[in-house]
Amino acid sequence: MQVRFLGHATTVLDLPGARVMTDPFLRATLGPLQRHGPLPDPATYDGIDVVVVSHGHPDHFDRRSLALLPGRPTVVVPRGLGAWLRGSAPGDIVELVAGERLTVGALTVTGVEARHWVAPNAPRAAPMGYLLEAEARVYFAGDTGRFAAMADLAGRVDIALLPVWTWGPHRGPGHLGPRSAAEALVDIAPRAAVPIHWGTLYPRRLHRVWRAPLDEPGDRFAAYAATRAPSVDVRVLRPGMATAIDIDEDRAPVG
């Protein structure tokens, strides 16, 4: 399968029989935040079958970006977020809560618990991650801190897409950082991992005086993972980059 990191929490996953996009953010700016790295090429997100949205914060739930998607992909959101999409989603809208499952063609989407906060002015929908299964099994964590139930995913994940930072110079609560994301690998025990939610959005002009939070989290995650979870194949991608990951057939079956 192929994973393409378009920046922040946006990826395109080419799974066997399904093309999935996570948390689409396709614009150059968001309020005081500026995008670093290229704007995603529309050719890279053509033919999307399913979009999953983790929560209602505007860097993850961007209706203007969803409107840019061609075709009519099914849009999966946490329960309570669907009403905010009426009339602006490109295709059918399906709401899930953690533990619920949806099948779209060859793809099974299962809602997974997340530990994140809800901003006072954001839609009142509980943040969520997703387990995406179509022969290959991908855990998209969305935006979350570490929590004990991550261990329930052990043996069920081929590739983990884990957030390793946020959009500013400080992480704040409810976020994984490079070290805590590497610790989460011990809980989840995936075969491969790709760090996301870093290297993209940053306050305008701050990079001129303080670049480290923008440039370093992915590599720091890889360094911690090499010590804490050395058996996990970590692929660090910059925005716009893609990687192909072979899924070992000698593993537990999907489901």
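Every value quoted in this text rests on a predicted model; they were computed, and no experiment measured them. (Residues numbered from 1 in each chain as written. Predicted model: local features only at pLDDT ≥ 70, side-chain atom pairs only at ≥ 80, totals over all residues. Heavy atoms only, no water.)

(A) Main features of the pattern of salt bridges. Enumeration according to the criterion identifies 12 salt bridges in this entry. Here E183 and R228 are joined by a salt bridge, their closest N and O atoms 2.9 Å apart. Note that E183 is positioned in helix α2 (residues 178–188) and R228 in helix α4 (residues 217–228), a separation of 45 residues in sequence. Because the salt bridges share partners, they merge into one network encompassing R137, D158 and R191. (Salt bridge = Lys/Arg side-chain N within 4 Å of Asp/Glu carboxyl O. Helix = DSSP H or I, 4+ residues; strand = E, 2+ residues; numbered from the N terminus.)

(B) Geometry of the packing of α2 against α4. Contact pair α2 / α4: the axes reach a minimum separation of 8 Å and the direction vectors enclose 40 degrees. In terms of their interaxial angle, α2 and α4 are classed as oblique. In this structure, α2 crosses over α4, and the sense of that crossing is right-handed. Contacts between α2 and α4 pair P178, R179, A181, A182, E183, L185 and V186 from the former with P217, R220, F221, Y224, A225 and R228 from the latter. (Axes fitted to C-alpha atoms, helices over the stretch in contact; angles between N-to-C directions. Parallel < 35°, antiparallel > 145°, perpendicular 65-115°, else oblique. Left-handed = near helix turned anticlockwise from the far one by under 90°. Contact = heavy atoms within 4.5 Å.)

(C) Structural detail: the environment of P40. Within the secondary structure, P40 sits in the loop between β5 (33–35) and β6 (50–52). Distance from P40 to P213, taken between C-alpha atoms, is 22 Å for residues 173 residues apart in sequence. Contacts of P40, omitting those with residues within four sequence positions, involve L6, L26, R35 and Y45.

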